[in-house]
Amino acid sequence: MNENCDQFDHVGPDRAHFLRVAGLGLGAAFAGSPLAAAAAGAGPARGATTPAGALEELVSGDARFTAGTPANCGSQTGRMAKLGEGQNPHAIILSCSDSRVPNDTIFDQRPGNIFGVRIAGNYVTNDGLGSMEYGVAVLKALVIVVLGHSGCGAVKAALGFVKDGTTVPGHIQDVVAAVAPAAKATKGQPGDWLDNAIAENVRMNVKALTARSQILSDAEKNGTIKIVGGVYNIGAAKVTFLS
Amino acid sequence: MPGPPPAASTAEQSLQLLKEGNARFVADESHFDGISARRLELVAGQNPFAIVLGCSDSRVPIETVFDQLPGNLFVVRVAGNFLDDNGLASIEYSVSILGSSLIVVLGHSGCGAVDATLQYLRNGTVQPGHIQRLVAAIEPAAAAVRDEDGDWWDNAVAENVRLNAASIVRRSEIVTKAVESGKLRVVGGVYDLHGGKVSFL
């Protein structure tokens with residue numbers, strides 16, 4: 001366990017959380033006020049209070065992970081007791097089922113911070129959409145990140161399908177079919193086809209969120225949420241947000 | 001497969017690793033370092049020993065709850081941890097291509113999606129947009145245990161896990177074959193938000 005972990009262990013989960021929130025320039029007084037308690041659901045205070053703040057929290061968490069100095073290591077049982085009362089996640093992440101892309105670890109976020117939807121190929125499904133609408137409408141999350149990653153097996157399978165019609169057995173072909181549009185759209189583009197298709201799949205699914213959901217589309221229009229895309233590079237441990 | 005070797009090679013070992021990891025998590029003794037070196041190994045590939053179908057709930061981060069390193073768990077998450085065709089496709093990918101030896105359907109206490117389903121059955125409360133899809137998916141489990149002894153919410157959480165664990169085997173030929181050949185096991189568990197403990201059903 002690194003020094004950073006020890007330091008945070010001594011401070012304790014609630015205190016560490018307070019320090020991080022205060023460090024972002026958000027008012028400590030507000031965090032403890034009855035107004036904040038009334039506005040938020042039961043459970044620990046939200047890790048960020050605006051869409052921009054939520055995104056900043058993810059960016060700095062990923063930087064800690066990349067640097068090998070996570071603050072949120074060790075178990076979280078002190079905080080978990082509080083989480084028994086409720087959750088106030090600041091972000092929703094739609095990411096791949098791939099075992100190398102654990103959301104909370106990559107963004108160095110504590111339990112209670114990230115509402116996660118995961119499916120191989122990180123594409124939008126109707127049930128995933130229902131989950132994300134719940135995260136926005138009921139839990140008041142501030143950011144949705146569609147997160148792809150380098151070396152994605154689902155996207156690789158889609159390239160094979162587009163290239164020479166290679167199909168995969170059982171239901172797995174559903175994944176290929178869902179990712180195939182991004183593979184087709186990037187075929188013949190300069191650069192690496194796999195990397196391009198991974199990024200395009202993220203972009204297409206960012207668009208699909210608002211195209212397919214009135215709740216998400218309204219929330220984005222009125223500034224309640226931000227929707228962004230990103231690609232996680234497994235070797236570099238870094239998330240690059242797409243413009 | 002390229003990448004670090006799987007941490008378990010049988011369903012029993014896999015389940016044991018999860019139980020031990022969760023015990024460390026409960027005891028506040030999780031050890032989670034050496035990620036950087038492992039990450040570089042993971043560029044070559046993944047060999048996850050288990051697949052977890054869990055809830056989107058932010059309080060149930062799968063890798064943390066089981067105290068597992070990146071590369072160990074292939075994860076499908078949807079609010080209410082139920083199986084749909086897309087989730088099944090992901091699961092089949094990990095069984096047939098990545099060679100995982102265990103599937104855990106993981107529910108949790110205090111599940112909001114299950115609670116919304118109870119409200120629907122109790123007072124007909126309908127959720128907006130696609131959210132009602134979650135309710136429809138969980139309804140069979142909630143309805144089945146309506147009159148059982150004990151807490152309806154808790155009973156529905158456990159029943160939802162049982163129904164979906166059974167449904168993975170029933171709906172997938174790939175999973176059925178792997179289970180019959182002894183390469184794969186499907187189990188259900190419920191995570192307790194208060195104690196942090198996973199009780200396997």
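Predicted, not measured: the structure shown is a model, and the values here were computed from it. (Residues numbered from 1 in each chain as written. Chains lettered and ligands numbered in written order. Predicted model: local features only at pLDDT ≥ 70, side-chain atom pairs only at ≥ 80, totals over all residues.)

**Q** Explain the overall build of chain B to me, please; I cannot follow it from the model alone.
**A** Counting secondary structure elements, chain B contains 8 helices and 5 strands. In chain B, the order of α-helices and β-strands from amino to carboxyl end is α-α-β-α-β-α-β-α-α-α-α-β-β. Whereas a compact globule of 201 residues would reach a radius of gyration of roughly 17 Å, chain B reaches 17 Å, a difference of no more than 12%. Dimensions along the principal axes, computed over C-alpha positions, put chain B at roughly 55 × 40 × 30 Å. Classification of the 201 residues of chain B by burial places 56% in the buried group. In chain B, the proportion of contacts linking residues at least 24 apart, taken out of those at least 6 apart, comes to 71%. (Helix = DSSP H or I, 4+ residues; strand = E, 2+ residues; numbered from the N terminus. Rg over C-alpha atoms; globule rule 2.2 N^0.38 Å. Buried ≥ 20, exposed ≤ 12 C-beta atoms within 10 Å, placed from the backbone. Contact = placed C-beta atoms within 7 Å.)

**Q** Mind showing me how you'd approach the interface of chain B and chain A here?
**A** Much of the literature gives interface size as the accessible area that the parts lose upon coming together. Taken together, the contact between chain B and chain A spans 58 residues of the former and 57 residues of the latter. Listing elements by their share of the side of chain B that touches chain A, those giving two or more residues are α1 (11–26), α2 (35–42), α3 (62–65), β2 (73–77), α4 (85–96), α6 (131–144) and α8 (173–180) of chain B. When residues of the side of chain B that touches chain A are assigned to their parent elements, the largest contribution, 9 residues, is made by α4(B).

**Q** I would appreciate a short explanation of the pairing of strand β4 (residues 185–191) of chain B in the present structure.
**A** Note on strand geometry: in a regular strand, side chains alternate between the two faces of the sheet. Residue and element names in this part refer to chain B. A large share of β4 lies buried, amounting to 5 of its 7 residues. In this structure, strand β3 (residues 102–108) lies alongside β4, joined through 7 bridges in parallel fashion. Opposite H108, over in β4, you have Y191 as the bridge partner. By the bridge criterion, 3 bridges tie β4 to strand β5 (residues 198–200) in an arrangement that is antiparallel. Residue pairing across strands places G189 opposite F200, the latter belonging to β5. Where β4 folds back on β5, the antiparallel hairpin that results is connected by 6 residues, among which G196 adopts a positive phi of roughly 80°. (Pairing = 2+ DSSP bridges.)

**Q** I'm lost on the confidence of the model for chain B in this one. Help?
**A** The predicted structure's coordinates, where accompanied by low pLDDT, should not be read in detail. Put simply, chain B has an average pLDDT of 90, and 91% of its residues get 70 or more. Across the assembled chains, the prediction reports ipTM 0.91 with pTM 0.86. (pLDDT = per-residue confidence, 0-100.)

**Q** Which parts of the structure should I look at to understand the packing of helix α9 (residues 153–164) of chain A against helix α11 (residues 193–212) of chain A?
**A** What describes two packed helices is the angle between their axes and the distance between those same axes. All names here are of chain A. Orientation of α9 relative to α11, taken along the N-to-C sense of each, is 110°, at an axis distance of 10 Å. Accordingly, the angle class assigned to the pair α9 and α11 is roughly perpendicular. Every pair of crossing elements has a handedness; the one defined by α9 and α11 is right-handed. Judged by residue contacts, V155, K156, A158 and L159 of α9 engage W193, L194, A197, I198 and N201 from α11. (Axes fitted to C-alpha atoms, helices over the stretch in contact; angles between N-to-C directions. Parallel < 35°, antiparallel > 145°, perpendicular 65-115°, else oblique. Left-handed = near helix turned anticlockwise from the far one by under 90°.)

**Q** Help me understand the packing of α6(B) against helix α7 (residues 152–171) of chain B, please; the structure alone is not making it clear to me.
**A** Residue and element names in this part refer to chain B. The N-to-C vectors of α6 and α7 enclose an angle of 120°; their axes lie 8 Å apart at closest approach. The angle between the axes of α6 and α7 places the two elements in the oblique class. When the axes of α6 and α7 are compared, the crossing they make is right-handed. Contacts from I138, P140, A141, A142 and A144 of α6 reach α7 at A156, E159, N160 and L163.

**Q** Just checking my understanding: could you explain unusual backbone geometry for this structure?
**A** For residues that are not glycine, phi is negative in most cases, and the peptide bond is trans in most cases. Despite not being glycine, D108(A) has its phi angle at roughly 45°, a positive value. When you line up the elements, D108(A) lands in the loop between α7 (103–106) and β2 (114–118). Residue classification places D108(A) among the buried residues on the basis of 22 C-beta atoms within 10 Å. For N81(B), which is not glycine, the phi torsion reads 35° and is therefore positive. Locating N81(B) in the fold gives a position in the loop between β2 and α4.

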